[in-house]
Amino acid sequence: MLKLMKYLKKSVGSIVLIIGLLFLQAYCDLSLPDYTSKIINVGIQQKGIEDGVPEKIRESSLENLELLMSEEDKTEISNAYRQEDGIYVLHDDITKEEREILNEIFCKTLLTLSGYSSGSEEMPESIMTQAAVSFVYQEYEAMGEDVDALQMKYLLISGGKMLFMALIIMMAAISVTFLSARVAASLGHDLRNSIYRKVMSFSSREYHKFSTASLITRSTNDVQQVQMVMAMMFRIVLYAPILGIGGVIRVLKTDASMTWILGVAVVLILAVIILLFMIAMPKFTKLQTLIDKLNLVSREILTGIPVIRAFSREKHEEERFEKANKTLTKTNLFVNRCMTFMMPVMMLIMNGVSVLIIYSGSHAVDNGTMQVGNVMAFIQYAMQIIMSFLMITAMSIMLPRANVAALRIDEILKTEVSIKDPEDPEHPKKEAEGTVEFNHVSFAYPEAGENVLTDIHFKAEKGETVAIIGSTGSGKSTLVNLIPRFYDVTEGSVSIDGVDVRDMSQKELRDCIGYVPQKGVLFSGTIDSNIRYGKTDISEEEVKTAARIAQAQDFIEEKPQAYHSPIAQGGTNVSGGQKQRLSIARAIAKKPEIFIFDDSFSALDFKTDSRLRSALKEHTKDATTIIVAQRISTILHADRIIVLDDGHMAGMGTHAELMKNCEVYRQIAMSQLSEEELA
């Protein structure tokens with residue numbers, strides 16, 4: 001996860017604001033138990049009187065108390081009060097520190113008056129204050145003060161403060177959720193964008209390393225896992241430590257005598273988490289791999305439905321899918337059972353802690369060393385501390401899986417691309433425009449033991465048509481894939497316009513080429529958008545011309561919407577021959593200087609093939625054309641034919657020359673055409 005944090009740079013402002021809001025929320029959350037304690041201790045038990053310092057006191061009562069005070073204490077009292085009609089009134093500008101001194105004086109004096117001076121030093125301050133409050137209450141009653149109104153006022157003010165803090169907590173939580181969702185969504189967007197750009201830069205070598213199903217899973221499911229965890233990270237993972245540490249500090253201020261209970265609870269929680277993670281963590285790692293496998297099986301089945309039906313293999317494929325689905329389900333259930341077990345154990349620990357606190361606290365209240373409100377506050381603080389651990393535990397269910405997903409994303413982003421643009425690219429030479437030259441080229445696929453092509457050398461000049469023929473697996477498609485640099489040669493060099501393709505930028509190289517793959521590929525959109533794919537700024541007339549040359553005009557114009565007819569994803573709503581012709585039209589519309597047709601006429605009948613080649617020859621007379629073909633009839637009139645046999649050049653020349661000099665070519669030709677046709 002940490003490796004992906006660099007993608008959060010542009011969200012730094014939002015993250016800082018989130019952290020600020022979390023501290024505000026934690027402050028308010030941690031203040032509520034204190035207010036609960038005050039409502040119980042002061043509002044209910046002390047009738048709304050906060051301490052032993054009376055706001056008003058009769059002259060006679062004060063004189064009686066002063067008899068037990070030292071001269072220094074008398075001076076403090078004299079400075080704090082002013083006399084009005086036989087009643088001493090506390091000054092309005094008394095500071096908090098001065099009030100604490102006065103409280104201590106009154107508490108000590110009143111306890112002395114009651115005969116408890118010997119044990120006053122051992123009593124907690126809150127208990128001493130509570131004893132003094134009863135005197136203040138009686139004094140107010142004697143003066144005719146409405147003590148019930150005083151109590152109600154305190155309760156309303158304290159309750160109002162609690163409601164205000166609850167409102168702040170709500171607003172902070174909503175804001176944090178909103179900002180976290182935005183930050184996480186932004187991270188997800190950037191990750192998907194980075195994965196897409198990286199994958200687009202992959203050569204065929206990298207595509208073989210990652211399966212298509214895995215790439216799809218990583219750019220969707222894995223990113224979703226990271227995004228979901230990131231959204232919760234700010235709300236839970238950042239908030240939990242703030243709340244936990246703040247709770248510990250507040251507990252120590254409330255009463256340190258029961259902190260051992262929290263220590264026991266934390267140790268038990270950590271033990272449960274560590275135990276469960278030792279069991280569940282290996283399964284989290286396996287989970288994403290199983291999702292990959294299920295996607296792979298699903299993709300294969302959906303792509304191959306016609307073949308599956310043709311061979312009546314539905315039952316077999318159902319079993320294969322069920323096996324992958326069952327394995328994933330079992331792993332998911334195992335992980336979820338482990339994590340489901342975690343929450344009841346945590347609740348047991350939490351309730352056990354509550355019982356222990358109440359048990360210990362009741363003894364402290366009975367002994368007079370703690371007030372009821374303090375016990376209540378301690379319980380709430382303890383629950384907040386344990387809740388922070390519970391929040392981290394809830395996140396820990398998702399974190400391992402998200403971490404695995406993040407590592408899989410990082411694996412793609414850190415993959416070194418084998419085919420890169422040179423730092424100082426060369427530009428094609430005008431005087432050599434349209435030339436393609438193979439200079440003693442050998443090629444072996446990555447991690448393959450032997451060459452697929454060995455010592456291939458030829459040169460195609462501008463305006464020439466060079467055909468490549470050979471038996472299945474002889475390396476025909478591999479050879480033409482070296483021209484647009486889908487792979488780099490192992491030995492030798494491939495040059496376009498007099499420049500080694502490795503010394504040109506990939507964009508400039510591929511701008512020179514009109515490539516028609518062996519398997520026609522169309523994109524969702526319209527016929528028009530597919531023909532314009534290589535060059536979007538051409539006119540409608542140029543689109544129609546390309547379609548006419550590719551022999552696609554007739555079937556296009558038969559459609560109700562003609563060139564604006566929709567094309568489904570993958571071109572599933574057109575036939576194989578139509579798909580091939582639209583792919584050829586796309587290359588023609590680009591008007592490149594080099595055409596590469598990789599067995600692109602295989603789905604066409606002989607009549608269409610002949611018409612297309614005739615129109616193509618007229619249109620491409622100023623361009624270099626390289627044709628890979630299985631049918632001799634397609635290449636009979638090529639300027640030069642290269643014969644491949646097991647990756648080696650078995651011959652090169654015209655049809656007539658090869659019939660005389662090349663046994664491999666003659667065998668291929670005679671297996672397809674009669675002697676009269678060949679003549």
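Numbering of residues starts from 1 in each chain and follows the order in which that chain's sequence is written. Owing to the predicted nature of the model, reporting of local features is limited to residues with pLDDT of at least 70; listing and counting of side-chain atom pairs is limited to 80 or more, with chain, interface and lining totals taken over all residues. As a rule here, side-chain values come from all non-hydrogen atoms in the structure, and water together with hydrogens is ignored.

Novice: Quick question: what am I supposed to make of the pattern of salt bridges here?
Specialist: A side chain of one charge can pair with a side chain of the opposite charge when the charged atoms of the two come close. For this document, the term salt bridge refers to a Lys or Arg side-chain nitrogen within 4 Å of an Asp or Glu carboxyl oxygen. Scanning the model with the defined rule gives 18 salt bridges in all. A salt bridge links K38 to D34, with the shortest nitrogen-to-oxygen separation between them at 3.7 Å. With K38 and D34 both in helix α1 (residues 12-45), this residue pair falls four residues apart, about one helical turn. D34 gets classed as partly exposed once you look at its relative accessible area, which sits at 28%. Strands are runs of DSSP state E lasting at least two residues, helices are runs of H or I lasting at least four, and both sets are numbered from the N terminus onward. Note on exposure labels: buried denotes an accessible area under 20% of the residue type's maximum, exposed denotes more than 50%, and partly exposed covers the range between, all computed with a 1.4 Å probe on protein chains only.

Novice: Can you help me understand the packing of aromatic side chains in this one?
Specialist: The relative placement of two aromatic rings is captured by the distance of their centres and the angle of their planes. Classification of ring pairs rests on two measures: the distance between centres of Phe, Tyr or Trp rings, Trp counted by its six-membered ring, which must be within 6.5 Å, and the angle between planes, read as stacked under 30 degrees, edge-to-face over 60 and tilted in between. Across all of its chains, the model carries eight aromatic pairs by this definition. Considering the side-chain rings of F438 and F458, the 4.8 Å spacing of their centres and the 15° angle between planes classify their relative orientation as stacked. Within this pair, whereas F438 is found in strand β4 (residues 436-443), its partner F458 is found in strand β5 (residues 453-460), the two being separated by 20 residues in sequence. Among the aromatic residues, those joined into a cluster by ring pairs are F443, Y445 and Y487. Working rule: Lys NZ or Arg CZ, within 6 Å of ring centre, within 35 degrees of ring normal, means a charge sits over the ring. Of note, K38 hangs over the ring of Y35, and the distance from its end group to the ring centre comes to 5.8 Å.

Novice: Help me understand the pairing of strand β14 (residues 640-645), please; the structure alone is not making it clear to me.
Specialist: For β14, the buried fraction is high: five of the six residues fall into the buried class. Criterion used throughout: strands pair if DSSP finds at least two bridges between them. Summarising the sheet, β14 and strand β15 (residues 648-653) pair through five bridges and their orientation is antiparallel. Bridge pairing in β15 links L644 to M649. Connecting β14 to the antiparallel partner β15 that follows it, the hairpin turn spans two residues, and D646 within it adopts a positive phi of roughly 55°.

Novice: Help me understand the environment of E66, please; the structure alone is not making it clear to me.
Specialist: Tracing the chain through its elements places E66 in helix α2 (residues 59-66). When the C-alpha positions of E66 and D497 are compared, they lie 111 Å apart, and in sequence the two are 431 residues distant. Only heavy atoms enter the contact rule, under which two residues are in contact if any of them lie within 4.5 Å. In contact with E66, not counting residues within four places along its chain, are K74 and I77.

Novice: How should empty space enclosed by the protein be read in this particular structure?
Specialist: One water molecule sets the probe size; rolling that probe over the atoms shows where empty space is left. Both site types are read off a 1 Å grid over the protein atoms alone. A 1.4 Å probe that fits but cannot get out defines a cavity, while an open set with protein on both sides within 12 Å along at least five of seven lines defines a pocket; lining residues have an atom within 4 Å of a point. Grid points are joined across faces, edges and corners, and a volume is the space filled by probe spheres set on the points. Inspection of every chain in the model, using the stated rule, returns one cavity of 30 Å³ or more. Approximately 30 Å³ is the volume found for the largest cavity. Taken together, L482, Y487, D488, V489, V494, D500, V501 and R502 make up the full set of residues lining the largest cavity.

Novice: Please clarify how the pairing of strand β12 (residues 594-598) should be interpreted in this entry.
Specialist: In terms of residue burial, β12 counts as a mostly covered element, since five of its five residues are buried. Of the two faces of β12, both are covered, the one formed by I594, I596 and D598 as well as the one formed by F595 and F597. Sheet topology places strand β9 (residues 513-516) next to β12; four bridges connect them, and they run parallel. Residue pairing for β12: G514 is matched across the bridge by F595. Relative to strand β13 (residues 624-628), β12 is paired through five bridges, and the arrangement is parallel. The partner of I596 across the bridge, within β13, is I626.

Novice: Explain the sheet that holds β4 to me, please; I cannot follow it from the model alone.
Specialist: Reading across the sheet, the four strands line up as β5-β4-β7-β8 and stay open at both edges, with antiparallel pairing between neighbours. Each of the sheet's edge strands pairs with one partner strand only, and the pair in question is β5 and β8 (499-500). By the bridge criterion, five bridges tie β4 to β5 in an arrangement that is antiparallel. Considered in β5, the bridge of E437 is made with K459.

Novice: What is the right way to look at the sheet that holds β12 in this model?
Specialist: Remark on secondary structure: sheet strands pair via backbone hydrogen bonds, oriented parallel or antiparallel. A sheet is described by the order of its strands in space; here six strands give the open sequence β9-β12-β13-β6-β14-β15, paired in mixed fashion. The outermost strands of the open sheet, each flanked by one partner alone, are β9 and β15. Averaged over neighbouring strand pairs, the angle between their axes works out to 15° when direction is ignored. To define axes, lines are fitted to C-alpha atoms, for helices over the stretch in contact only, and angles between the resulting N-to-C directions are given on a 0 to 180 degree scale. Sitting on the sheet, helix α19 (residues 576-590) touches β9 and β12, and the angle it makes with β9 is about 180°.

Novice: Please explain α1 as it appears in this structure.
Specialist: Across its 34 residues, α1 extends 49 Å between first and last C-alpha, which sits within 8% of the 50 Å expected from 1.5 Å per residue. Two residues or fewer past α1, K47 is found with a positive phi of approximately 55°. For a helix, the expected span equals 1.5 Å multiplied by the residue count minus one.

Any functional reading would require information beyond the geometric quantities listed.
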